[in-house]
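A look at the structure
The primary structure of each chain is shown beneath.
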Amino acid sequence: MSFDLRIRPLLVLFAMLLVFVLAAPARAVIVRGVVTDPLGAAVTGAQVRLIQGTQAIAIGVSGVDGSYEIRSTAQGRFILLTAATTFAPNISRDFYGGRIDVVTRNVVLEAASVTEQVTVTATGISTPIQQASAAVTLIPMSDLATQVGIVNDLRQSPGNVVVQTGQYGGVASLFVRGGGSDANKVLIDGIAVEDPGGQFDYGTVSTTGLSGLELYRGPNSALYGSDAAASVVSLTTPRGSSLRPVLNYSGDAGNFRTYRNEAALSGAHAKLDYYTAFSRFDTSNSLARDQFHVATSVANIGYNLTTNTQARFTLRYGNSATGLPNAYGFYGIAASGKQSDQDLYSGLTIENLAAGKWHNLARYGIVRKREQVRQFTPVGEPVTSEFDGVSYTTYYGNTVTIRGANGYSATGRAAFFSPQEDAVSNRDEFYYQSDYAFPHRITALFGFRYEDERGRFVDPAVFEDEKIDRPNFQYTLQLQGDIKNRVFYSLGGAVEKNHLYGIAGTPRIGLAYVPVRPGLRRFRGTRLRASFATGVQEPSLASEFSSLYTELQQSGNQAAIDAYRVTPISEERSRTWDLGVDQNILGQKLILKAGYFHNEFSHQIEVVDSTSLTKYFGIPPSIANQLFGAALNSLAFRAQGMELEVQYRPFTHLFVRGGYTYLAPIVLQSFASDAVAANNGTPTTNPNIPGIAIGALSPLVGSRPFRRPPEAGFFAVQYTRARFSAAFKGALASRSDDSTFQLYNDFNGGNTLLLPNRNLDSGYAKLDINALYTLTGHITAYTQLDNLLSLQHIGPIGYPSLPFTIRTGLKIRFGGD
């Protein structure tokens, strides 16, 4: 009895400790979420494996509502491997989890015949592309593996036309659905990187440190503010994921004294992930004095402050220099000049996801861009003339014959245009976004954006030194959701307060409907989509500096301002609506996409030449002759058309893709035509080609805007095996309208070097091949062959294209898992 009395308190104490231990919180990471198909329907019975390193340490199965939960006593970095019948396996992005953390990771499974496709630019929220109401093209990282830059792959999308003035390093411009080359918002890791006014040179962007491209076709100023008047182009930097550091090196060489070297170091440890890369590309091109080089540095470093809060720093710096041979086809001799660019884009982002529903993001970004244009020893024949007691020396090229694709030609000597200028473009940006997923699959988004844009332009030839500062604000509201996984909608708008043009509103509405859900049988899968949006675009710094209103004010000509109702330079506007259908034909192996778009671009900026400044606005010749021209909002045009795209995967290793765009643009208003009316109906003409009106600097009413071919297309045939992959790609375009821009620029100061605009630029079929072969587990050989037909007229008239090129090299991997 005494023994029982002594041990009883111990048993009670042990029982209390046991209850306490069992009741204490389990020291385990909990990963939970929902598994759905691309339309948001729950996937039942999906196996979700929690992977750490190369081992599966826990497994969960999704229930009838698609939800799953996994627990593990391990901590560190994980990925999820999810598999379900009739779906392709899904490998998630890696993430960090501690022993007492709760991590939310939703999974979207795609059909076995396609890869996961998610868009962010369409709504600002990661959304399966099947739920998007807009036209979006995704270019994966694998397509960039052998490329130097992104110009070739920008052509691999319906609605896109890329025009490059020259060879490697020449200015490359993007025209989307007939919009202007400066009507595209360009993002790198969420930071706006285009110049104020939308100008951006794609020709100097290296593929180093790019995980892919996302191309959104259509205005989206509701989310991204000014400059998103025709499209949004989003570039992203890879993130490190290997638990052991991995160093990737690639090096290649080719004709025209071309070589490239690249090194990238990446990895992840505990709460930290890192990626950094550097590359340099050099080439002499095929023209004299046209050497080009670009050095690119990239960094992407992320750190988990908590499991669901992450800080991320990104940086991209490009330092390039290129020769300026000018339009060789107009002069017959290469000019001696150089353009240097130093472009820095960087940002710090803090992102949090609370309870898997409330997402908050704050980002501070900076853009620092410098450009210097220098002319060295003048080339050509010097001719000295005197005006108002001042002597001027003009240099003329050789006698050449300029031949247009329309059959017209002109022979003569053109005066060189040789600018000497410095330009600075800076932007500081703060963006805050808060979105919350309500019950019944409804998500609301609020955004606030502040920009401080600063610029400077120096042209010593005309003693010009202009500075500008534009603080801008924008507020965004958006609502998106779905009804029974069949109807998907997004509606929202923004109010922007721009320092230059004041307040502007930009609504956007999108709707997608799936009457037939995707399946394995023929014609199972139909998606209809429609959208309406408006866009706004601020004038460039150069346009503001040289606006007609400013020039008239500075010359003291208030009478011309009143007589012609000249107003300060203002925003350019766009409006679009489009319809589309995506139809699965052979299950999801063969997909046809078709769409119609109708765009209107108003208050567009065009340039009035110096002679017209004197003739129509009374600016004294002593002032007008020092100006290239003056800018005003006088151009308007409409662009409508159709897009077709086909994707076909007949078997696992072969993927075929192609597209076609028909564009019917027409100019509705232009200063060039207004000047004809003001000049008693006498248009600008070439005296050697009488009777044909020519838009020398901008298109005439009733014609097509410059450099927008009415027909364009692309195709890609990709073959992939375990050790070998190859691709045959093509970009095609019909003839397009353009100008030689040789207004009063022949040897006698006349217009004999102007040619009719219609179909002036050549059509082309640019064909490329690339291949990769894995020699060992760490070494891969590759080659890239561009312009197989060695076409010389892929660019605009006067600018010879780079002929056939070949590059061959090795990729070597050190370390890694």
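Reading the values: rules and limits
Residues numbered from 1 in each chain as written. Predicted model: local features only at pLDDT ≥ 70, side-chain atom pairs only at ≥ 80, totals over all residues. Heavy atoms only, no water. Helix = DSSP H or I, 4+ residues; strand = E, 2+ residues; numbered from the N terminus. Buried < 20%, exposed > 50% of the residue type's maximum accessible area, 1.4 Å probe, protein only. Contact = heavy atoms within 4.5 Å. 1 Å grid on protein atoms, 1.4 Å probe; cavity = no way out; pocket = protein on both sides within 12 Å on 5 of 7 lines; lining within 4 Å. Points joined across faces, edges and corners; volume = space filled by probe spheres on them. Nonpolar A, V, L, I, M, F, W, Y, C, P; charged D, E, K, R; others polar. Pairing = 2+ DSSP bridges. Phe/Tyr/Trp six-rings, centres within 6.5 Å; stacked < 30°, edge-to-face > 60°. Core = buried A, V, L, I, M, F, W, Y, C linked by side-chain atoms within 4.5 Å.

By secondary structure assignment, the location of Ser320 is in strand 23 (residues 309-323). Exposure remark for Ser320: the relative accessible area of 5% places this residue in the buried category. When near neighbours in sequence (up to four residues on either side) are disregarded, Ser320 contacts Thr204, Phe292, His293, Val294, Gln339, Ser340 and Asp341.

This brings us to unusual backbone geometry. A positive phi is found at Ala270, a non-glycine position, where the angle reads about 50°. Inspection of the secondary structure puts Ala270 in the loop between strand 20 (258-269) and strand 21 (272-283). The backbone of Asn326 shows a phi angle near 70°, a positive value even though the residue is not glycine. Relative to the assigned elements, Asn326 resides in the loop between strand 23 and helix 4 (328-331).

Inspection of every chain in the model, using the stated rule, returns 9 cavities of 30 Å³ or more. Volume-wise, the largest cavity comes out at about 420 Å³. For the largest cavity, the lining is made up of 27 residues, of which Val151, Asn152, Gln164, Tyr168 and Lys766 are closest to its centre. Listing elements by their share of the lining of the largest cavity, those giving two or more residues are helix 2 (151-154), strand 22 (292-306) and strand 44 (805-815). Within the lining of the largest cavity, the residues separate by chemical class into 9 nonpolar, 14 polar and 4 charged.

Attention shifts here to the side chain of Ser173. Within the secondary structure, Ser173 is located in strand 14 (residues 171-176). The class for Ser173 is buried, based on a relative accessible area of 16%. In this structure, Ser173 is in contact with Val161, Val162, Val163, Ser181 and Tyr202, ignoring residues within four places of it in sequence.

With that out of the way, let us pick up the sheet that holds strand 16 (residues 191-192). With mixed pairing, 5 strands are arranged side by side in an open sheet as 12-17-18-15-16. Only two strands of the sheet have a single partner each, and these edge strands are strand 12 (135-140) and strand 16. In terms of strand pairing, strand 12 meets strand 17 (residues 212-217) through 6 bridges, oriented antiparallel. Each residue of the ladder has a partner; that of Ile139, found in strand 17, is Leu213.

One pass over the full model with this rule turns up 15 aromatic pairs. Seen from their ring centres, Phe78 and Phe95 are 6.0 Å apart, and the 40° between their planes marks the pair as tilted. With a gap of 17 residues between them, Phe78 in strand 5 (residues 76-83) and Phe95 in strand 7 (residues 95-97) connect regions that are remote in the sequence. By relative accessible area, Phe78 is classed as buried at 1%. You can call Phe95 buried: its relative accessible area is 2%. When the ring of Phe448 is compared with that of Phe473, the centres are 6.5 Å apart and the planes differ by 40°; the resulting orientation is tilted.

In this structure, Ile150, Leu154, Val193, Phe200, Tyr202, Leu213 and Leu235 are the most contacted members of the largest nonpolar core, which totals 23 residues. Broken down by secondary-structure element, the contributors of at least two residues to this core are helix 2, strand 14, strand 15 (184-188), strand 17 and strand 18 (231-236). Once residues within four sequence positions are removed from consideration, Leu154 is found in contact with Asn160, Val162, Tyr202, Leu213 and Leu215. Ranked by size, the runner-up nonpolar core spans 18 residues in total, among them Val31, Val48, Tyr68 and Phe95.

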